[in-house]
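Spelled out, the chains give:
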Amino acid sequence: MGHLIRLEFIKYNVWNFFLAGLLLNFSFALILVLFIISISPGDMRSIYPSYPDYPFFTAFITTFIHLLIIVMSAYLQRHLIVSEFKKDTISVLFSTPVPRSKLLWAKLLLIKALLLVFSIGSFFFSLGALALFNYQLETITVPLRESISWTDALRIFVMFFIVILISFSTLFFVRLRNGGKMMMLYSGMLAAILFLPLNAPNSAGILAHTPVAILLFLLAGILGIFFLISQAKRKN
Amino acid sequence: MTVFIKATHASKTIRKKPIIKDLSLEIKKGGIHAIVGQRLSGKTAVLKLLTGLWLPDRGEITLFDQQGTVTPRDQSVHIGAFIDQPVLYDRLSASENLYLFSQYFGYYDIKSVEKGLTDVGLRDDALSKTSTFSFSMKKRLAIARALFLQPPFVVLDDPFTGLDLAEQHHIRQLLIELNTYQHTTILLSTPDVSEVEDFAHTITLLRDGRTLETMSTLELKHRLSSFIHLNVDHAAKATFILENNLNITDFQVMDLQTIRIYDTSHPVYVIVQEIVKGGIQMNEVYHKQLDLEAYMAGTSRREPR
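Note that the structure is a prediction, hence the values are computed from the model and not measured.

About the thresholds
Residues numbered from 1 in each chain as written. Chains lettered and ligands numbered in written order. Predicted model: local features only at pLDDT ≥ 70, side-chain atom pairs only at ≥ 80, totals over all residues. Heavy atoms only, no water. Helix = DSSP H or I, 4+ residues; strand = E, 2+ residues; numbered from the N terminus. Buried < 20%, exposed > 50% of the residue type's maximum accessible area, 1.4 Å probe, protein only. Contact = heavy atoms within 4.5 Å. Areas by Shrake-Rupley, 256 points an atom, 1.4 Å probe, with all protein chains shown as cover. Lys, Arg positive; Asp, Glu negative; His and termini not counted. Charge placed at Lys NZ, Arg CZ, Asp CG, Glu CD. Phe/Tyr/Trp six-rings, centres within 6.5 Å; stacked < 30°, edge-to-face > 60°. Lys NZ or Arg CZ within 6 Å of the ring centre and 35° of its normal. Core = buried A, V, L, I, M, F, W, Y, C linked by side-chain atoms within 4.5 Å. Buried area = accessible area lost by both parts, 1.4 Å probe. Salt bridge = Lys/Arg side-chain N within 4 Å of Asp/Glu carboxyl O. Polar contact = N/O pair within 3.5 Å; in protein donor to acceptor, adjacent residues only side chain to side chain. Nonpolar A, V, L, I, M, F, W, Y, C, P; charged D, E, K, R; others polar. Patch = residues over 30% accessible without salt bridge, like charges linked within 9 Å, V, L, I, M, F, W, Y side chains within 5 Å.

**Q** Looking at this model, I keep getting lost on the overall build of chain A. Mind explaining?
**A** A tally of helices and strands in chain A yields 10 helices and 0 strands. Overall size of chain A, expressed as C-alpha extent along the three principal axes, is 65 × 35 × 30 Å. Sorting the 236 residues of chain A into buried and exposed places 46% on the buried side. For chain A, restricting intrachain contacts to residue pairs at least 6 apart in sequence, the fraction spanning at least 24 positions comes to 78%.

Quick look at the structure:
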C-alpha cells in the first residue's frame, strides 16, 4: 500500500497542497491577531466570562480547522479521485494488475494522511502564533501549559480524525457528471451546518457538539468510502 | 494455432442501452486479429470486455493460459492495452508516464522505457511534459505504454487514426515485428479494413454490437473483390439450381428475387444457362465490386456463419 501511496505522490503535486495550507495558516494567524486587537474583552465577557483565555482560542482554532478539513478534503478528493474518473486515467489504472479497491484505498489513505498532517500542523501553528503574540501583549494571563493538557490535545486530534472521516461523505458525488463541483458545494454546506452557529444569537451551539449528529455524519462518511470502493468493483 | 481468448454470446448494457448484443469470437494465440466495424458499432466496448475492463452482463469471456481458463481481469498482468482515447498524466513527462505505469506492474527498467519511447519515435521528447504533446504524439505514447512491458497479449483500439502515413507505417512494422519475433498475440480494432488487411491474419466484422463473421483476411479480400449479381423471378428455385447443378454454395439471397454469388469460379454464361434451363426467368445479371459497409449490411441480414 505504501508503494501505491508513493505513486499517488508522483501523480499529484502535493507541494501545492502544503503551500495552500501554509498560506491559509498565515491568514488565520492574522485573523487571530485582529480578533484579539479589535474585540474588547468587556464585550466578550458577557457571553464568555473567562475571556481571554487559551481554551476559548483553542475552541476557536479547532472550529476553523474543522471547517478547513471538510473543504480541503473535497478539494483533494476532486484532484485525486474525481479528476481520474473525469479524464478516464482511472481506466488505465484499472487495466493494471493492482486490485481496484487497493488503488482507491491508496488515494483515500493519502487524503487522510495529508489532512491529518495539515490539521495537526495547523493546530500547533495557530496556537504557537497565538502564544508568540501573547508573549508580546500579555493579553492572556493564564499560561498555555496550565490551560491545555496533552489529554485535551489528544481529544482534539481524535476529533480531527473523525471530521476527516465525516468529510468522505462527499464521495457519493464522485461518479456524477459535475461531481467535482457538487462535492465542493456540498462540503461548504456540510462545514457550515456542522460547525457554524447558524442559530446565533439565540443559540451559539453548533450541530457538531451533538453526539447523535456526529455519529450520523460519521456513518455517512464511512458509507461514502464503501460506496466508492463498491463502485470500482462494478462490472464497468 | 490454439485459442487464446474466447467470447461466447457475451452482451453488455450500459445505462439501459445495449452496447454489445452478441459477441462471439475466438482469437488464436500468436495471431494478429482485427475487429472491423463502423463508428458506434461497439469496437471499443468489445475491447473493454476482452481485456476485462468491463465484465459481460450475459455470456462469458474466457482466457486460456497454462493454468487453465481464467477471466481477462485476472490476467491483466499479461495484457497491454490502449483503449479509447490516449489518456495520460499531463503534468508528467513521457518517460515519467511510462515509469509510473511500469511501477503499477511492479516492474521498472530504464532501458525498457527508453526502448518503448524509441519504438514509437518519441525518444527526443522523453522529458517533455505530455500536456505539450500533439494528439498523434499522445497516441503513440499510449501505444508505447501498451507495448513496452512486452506483454504476450496486446490490445490496440483504432491505433492508426490520427497518425500520418509514415507514423502508421512505423506502428504497423512494429506490430509485425512483435508478432513475428516475440509471438505476441495482437488484437486491433479499426473502422477501415484497408489499415489492417496487409498484416492481420484474421478479421471479425462487427455491426451494431454483434459479431457478424470471422474470417481470414484473404477470404475477406476475396469476398470484397467481386460478386455476380442475379435478379430472377424466383430466388429460392435459382439457389436450388446453383447448389445442385453447379455446386455453388458461396452465395447470399438478398430478397425474393436477388442473389449475390461470391464464388466466381464459374463463368457468368454458364450460370445464366443453367438457371434459364431450369425454367426461371432471368431479369438482370452483372459483376459488381462491393465495399465493406455494403458487404456488412448484406451479412447482417443473414445468419452469422
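**Q** Looking at this model, I keep getting lost on the overall build of chain B. Mind explaining?
**A** Within chain B one finds 9 helices and 14 strands. Dimensions of chain B along its principal axes, counting C-alpha atoms only, are 75 × 40 × 35 Å. Every one of the 305 residues in chain B was classed for burial, and the buried ones make up 52%. At a minimum sequence separation of 6, the contacts of chain B that also span at least 24 residues come to 69%. When the accessible surface of chain B is totalled, it reaches about 14,400 Å², and 51% of it is carbon and sulfur. Across chain B, 34 positive and 36 negative side-chain charges occur, with their mean positions spaced 5 Å apart.

**Q** Would you take a moment to explain the packing of aromatic side chains for this structure?
**A** Aromatic ring pairs are described here by two measures, namely the spacing of the ring centres and the angle between the planes. Per the stated rule, a full pass over the model turns up 21 aromatic pairs over all chains. Their ring planes at 0° and their centres at 3.9 Å tell us that Phe 28 of chain A and Phe 64 of chain A sit as a pair that is stacked. Taken together, the residues Phe 28 of chain A in helix α2 (residues 14-38) and Phe 64 of chain A in helix α4 (residues 54-86) connect sequence positions 36 residues apart. Judged by relative accessible area, Phe 64 of chain A falls into the partly exposed class, the value being 22%. Following the ring pairs from residue to residue traces out a cluster consisting of Phe 28, Phe 35, Phe 56, Phe 57, Phe 60 and Phe 64 of chain A. Seen from the ring of Phe 161 of chain A, Lys 112 of chain A lies directly overhead, with NZ or CZ sitting 3.7 Å from the centre. A cation over a ring is seen here: Arg 172 of chain B above Phe 160 of chain B, with NZ or CZ 4.9 Å from the ring centre.

**Q** Could you clarify how one ought to interpret the nonpolar core in this entry?
**A** Soluble globular proteins: nonpolar side chains tend toward being buried together. Among the nonpolar cores identified, the biggest contains 75 residues, and Phe 57, Ile 81 and Leu 171 of chain A are the most heavily contacted of them. Among the elements that make up this core, the one with the highest residue count is α4 of chain A (15 residues). Beyond its immediate stretch of four places on either side in the chain, Ile 81 of chain A contacts Leu 76, Lys 107, Leu 108, Ile 111, Leu 171, Val 174 and Leu 228 of chain A. In this structure, Leu 98, Val 113, Phe 199 and Met 215 of chain B belong to the second largest nonpolar core, which totals 50 residues.

**Q** Would you explain the interface of chain B and chain A in this entry?
**A** Interface size is often expressed as the accessible area that is lost when the parts come together. At the junction of the two partners, chain B supplies 23 residues and chain A supplies 27 residues. In total, about 2,200 Å² of surface goes out of reach between chain B and chain A, with carbon and sulfur atoms giving 60% of it. When the buried area of chain B at its contact with chain A is split by residue, Leu 53, Tyr 89 and Tyr 104 of chain B rank highest and sum to 32% of it. Counting the contacts that link chain B with chain A gives 0 salt bridges. Our count for the chain B to chain A interface comes out at 8 residue pairs in polar contact (both at pLDDT 80 or more). Sorting the residues of the side of chain B that touches chain A by element identifies β1 (3-14) and α2 (94-104) of chain B as the ones contributing at least two each. With 5 residues, the top contributor of residues to the side of chain B that touches chain A is α2 of chain B. Taken together, the residues of the side of chain B that touches chain A break down into 15 nonpolar, 3 polar and 5 charged.

**Q** Honestly, the environment of Leu 68 of chain A in this entry has me stumped. Any pointers?
**A** Residues and elements named next belong to chain A. Structurally, Leu 68 can be placed in helix α4. The class for Leu 68 is buried, based on a relative accessible area of 15%. Between the alpha carbons of Leu 68 and Leu 24 there is a distance of 9.0 Å; along the sequence they are 44 residues apart. Every residue in contact with Leu 68, bar those within four places of it in the chain, is listed here: Leu 24, Ser 73 and Phe 118.

**Q** Can you walk me through the environment of Ala 129 of chain A in this structure?
**A** Note that Ala 129 of chain A resides in helix α6 (residues 100-137). Along the primary structure Ala 129 of chain A and Met 72 of chain A are separated by 57 residues, whereas in three dimensions their C-alpha atoms are 22 Å apart.

**Q** It is not clear to me how a positive patch on the surface should be interpreted in this structure. Could you clarify?
**A** Positive charge collects at one region of the surface, where Arg 78, Lys 86, Lys 87 and Lys 181 of chain A lie side by side. Looking at where Arg 78 of chain A falls in the secondary structure, it is placed in helix α4.

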